[in-house]
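What follows is each chain in one-letter form.
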Amino acid sequence: MNAKQLFDLTGRVAIISGGSMGLGLQMAEGLADMGASLAICARKKQRCQEAAEALRSRGVRTLALECDVKDKASIERVVEEALAEFGHIDILINNAGVSWGASVEEMTLEQWDKVLSTNLTGTFLFCQAVGKAMAAQGSGKIINIASVAGLGGSSAELQAIGYHASKGGVIAFTKDLACKWAPHNIQVNTIAPGWFPTHMSEWIVEHRKESLLAKIPLGRFGGDHDLKGAAVFLASDASAYVTGHVLVVDGGQTAW
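Residues numbered from 1 in each chain as written. Predicted model: local features only at pLDDT ≥ 70, side-chain atom pairs only at ≥ 80, totals over all residues. Heavy atoms only, no water.

1. A closer look at the pairing of strand β1 (residues 13–17)
In terms of burial, β1 is largely enclosed, as 5 of its 5 residues are buried. A two-sided burial pattern is seen for β1, the buried positions comprising Val13, Ile15 and Ser17 on one face and Ala14 and Ile16 on the other. Assessed by its sense of winding, the connection that carries the chain from β1 through helix α2 (residues 22–33) to strand β2 (residues 37–42) is right-handed. Pairing of β1 with strand β4 (residues 91–94) involves 4 bridges; the strand directions are parallel. Directly across from isoleucine 15, in β4, lies its bridge partner leucine 92. (Buried < 20%, exposed > 50% of the residue type's maximum accessible area, 1.4 Å probe, protein only. Helix = DSSP H or I, 4+ residues; strand = E, 2+ residues; numbered from the N terminus. Right-handed = clockwise from strand over helix to strand, strands pointing away. Pairing = 2+ DSSP bridges.)

2. Things to note about the sheet that holds strand β6 (residues 186–193)
The strand order β3-β2-β1-β4-β5-β6-β7 describes an open sheet built from 7 strands, whose pairing is parallel. Among the strands making up the open sheet, the edge pair consists of β3 (62–66) and β7 (246–249). Ignoring which end each strand starts from, the neighbouring axes of this sheet average 15° apart. Bridge count for β6 against β7 is 4 bridges, and the pairing is parallel. From the neighbouring strand, alanine 192 faces β7, where its bridge partner is valine 248. Where α2 meets the sheet, its contacts fall on β1, β2, β4, β5 (140–145) and β6, and the angle it forms with β1 comes to roughly 170°. Contacting β5, β6 and β7, helix α6 (residues 161–181) runs over the sheet at an angle of about 160° to β6. (Axes fitted to C-alpha atoms, helices over the stretch in contact; angles between N-to-C directions. Contact = heavy atoms within 4.5 Å.)

3. Regarding helix α4 (residues 72–86)
Relative to the 21 Å expected for 15 residues at 1.5 Å per residue, α4 spans 21 Å between its end C-alpha atoms, a close match to the ideal helical length. Of the residues making up α4, those classed as buried are Ser74, Ile75, Val78, Val79, Ala82 and Phe86. Across the axial projection of α4, the buried residues extend over an arc of 140°, all falling on one side. Residues of α4 that are exposed and point more than 90 degrees away from the buried face comprise Glu80 and Ala84. Of the surrounding elements, those touching the buried residues of α4 are β1, β2, β3 and α5 (109–137). At the exit of α4 stands glycine 87, carrying a positive phi of roughly 90°. (Expected span 1.5 Å × (residues − 1). Arc of directions from axis to C-beta.)

4. Brief notes about α2
Its 12 residues give α2 an end-to-end C-alpha distance of 17 Å, which sits within 8% of 16 Å, the value for a rise of 1.5 Å per residue. In terms of burial, α2 is largely enclosed, as 9 of its 12 residues are buried. At the exit of α2 stands glycine 35, carrying a positive phi of roughly 100°.

5. Focus: the nonpolar core
The nonpolar side chains of a soluble globular protein tend to be buried, and buried together. In terms of nonpolar packing, the biggest core is built from 30 residues, with Leu31, Leu38, Ile93 and Ile191 touching the most fellow members. Broken down by secondary-structure element, the contributors of at least two residues to this core are β1, α2, β2, α3 (45–56), β4, β5 and α9 (228–235). In contact with leucine 31, other than residues within four places in its own chain, are Leu9, Ala14, Ile16, Ala36, Leu38, Ile91, Ile93, Ala231, Val232 and Ala235. The next biggest cluster of nonpolar side chains, apart from the first, holds 28 residues, and it includes Ala39, Val78, Leu177 and Val188. (Core = buried A, V, L, I, M, F, W, Y, C linked by side-chain atoms within 4.5 Å.)

6. Quick notes on the pattern of salt bridges
Using the criterion set out here, one finds 9 salt bridges in the structure. For aspartate 68, the salt bridge is made with lysine 70, and the minimal N-O distance between the two is 3.1 Å. In this structure, aspartate 226 engages arginine 220 in a salt bridge whose closest nitrogen and oxygen atoms are separated by 2.8 Å. Residues joined in a network through salt bridges with shared partners are Glu29, Asp33, Arg58 and Lys228. (Salt bridge = Lys/Arg side-chain N within 4 Å of Asp/Glu carboxyl O.)

In structure tokens, the structure reads:
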């Protein structure tokens with residue numbers, strides 16, 4: 001198998017949660033360019049339909065589904081519909097996520113629970129549902145989206161302890177799941193992005209731009225194509241011997 005074949009995703013099927021916009025859509029575009037069929041899911045189905053239509057122009061099959069990752073039944077419906085449409089699931093990207101800006105002293109239990117339920121419990125529930133199908137077929141690729149926030153703390157100007165805790169949990173969860181599911185030939189890895197301008201981060205990026213850029217050696221935020229290669233690598237045969245890994249894509253932020 002040559003290098004081009006290692007990255008080829010023709011015939012593969014991927015589910016991407018939170019895939020209708022932002023980083024999820026960027027990764028969906030990368031997988032589509034390599035030939036993967038896509039099931040895009042998020043809370044707002046109309047956005048999923050718009051994303052799916054745009055992705056079809058790249059010559060791949062797509063499916064748009066509504067999903068609340070805090071709801072086990074909602075996730076199971078997505079998996080059932082994807083299997084009914086495509087017959088198998090080869091790739092899962094757990095990208096759906098939220099954050100909440102509040103100091104430790106002021107964060108409510110409701111706010112904390114919303115972040116942990118979406119970012120960490122939602123990742124667990126999707127892996128559980130898709131993993132059953134992957135184990136039955138004897139192969140699979142799971143990519144959980146964490147963050148550099150899950151690798152450590154931050155300055156007092158960035159108050160989002162629930163987000164940090166949830167993403168640290170995703171990293172530990174990924175490492176343990178990689179060990180548990182290796183016998184099924186399922187590779188489980190994590191991408192930890194740095195600062196990318198998205199709907200979630202737009203306020204911080206706008207109001208803390210200079211201080212954030214000062215901590216990034218490459219001197220810029222992540223762009224519209226900077227996650228595509230990482231996602232394709234971890235979704236493809238090129239990473240067949242990589243599991244339990246945290247792939248940091250942050251412009252050097254954590255290298256200081």
